[in-house]
Amino acid sequence: MLDQAQLRTLGAWWRAFVRLTGGTQAEASEEARRGYLQLALDVVARVDDLHSHWRAEVEEQRQHERIANAAAVYHWRLHLLRERLRLAPVPPALQGWHRVLLASLDDAHRALRLITNGYRYSHVGRICEGELLLDAARVQTAAVRDMFAAQA
């Protein structure tokens, strides 16, 4: 059975898919499209690096305070990357995918806040919910990355 976070993520995917396939898509200039795709792929690559670093910290550290601190740093850096992408000009043809990518980064941002608080206050439910939401966001981000990489 899907929980609320998974349903929300699935709903965001579905709404974006309907917008992408149902509406008329204005042709974006090739330069703007390539510029946006390059920026998005750069942000996603940095997010992947942050996630790898986070996983290494979790495996290495067994003290909850240190894991919470590592999650807080990941949260802060992800926030900066998310804002960089949010402020970027988006070609009209990629608006739907841009929204999907931002939704997945928003979910990862929320998940890291849950994980940080869970480890700080020894709340296993928050840790588990955050981990599930982070994993779902990573899958969604990877799918968008693959689609962007195919178009770049």
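That block above? That's the structure.
These remarks concern the structure in this document. All of these numbers come straight from a predicted model, not from anything done at the bench.

Procedures and definitions
Residues numbered from 1 in each chain as written. Predicted model: local features only at pLDDT ≥ 70, side-chain atom pairs only at ≥ 80, totals over all residues. Heavy atoms only, no water. Helix = DSSP H or I, 4+ residues; strand = E, 2+ residues; numbered from the N terminus. Contact = heavy atoms within 4.5 Å. Core = buried A, V, L, I, M, F, W, Y, C linked by side-chain atoms within 4.5 Å. Buried < 20%, exposed > 50% of the residue type's maximum accessible area, 1.4 Å probe, protein only. Expected span 1.5 Å × (residues − 1).

Turning next to the side chain of Thr116. Mapped onto the elements, Thr116 comes out in helix 4 (residues 95-120). Filtering out sequence-adjacent residues up to four positions away, Thr116 remains in contact with Ala68, Ala71 and Ala72.

This part covers the nonpolar core. Core analysis: the biggest nonpolar cluster contains 39 residues, and Tyr36, Trp54, Leu85, Leu101, Leu134 and Phe148 have the highest contact counts within it. Taken together, the elements giving at least two residues each to this core come down to helix 2 (30-60), helix 3 (64-86), helix 4 and helix 5 (124-151). For this core, the element with the highest residue contribution is helix 2, accounting for 11 residues. If near-sequence neighbours (up to four positions away) are discounted, Tyr36 is found in contact with Leu85, Pro89, Val90, Pro91, Leu94, His98, Leu101 and Phe148.

When the terminal C-alpha atoms of helix 4 are compared, their 37 Å separation across 26 residues agrees well with the 38 Å that a helix rising 1.5 Å per residue should span. With 19 of 26 residues buried, helix 4 is to be regarded as a mostly interior element.

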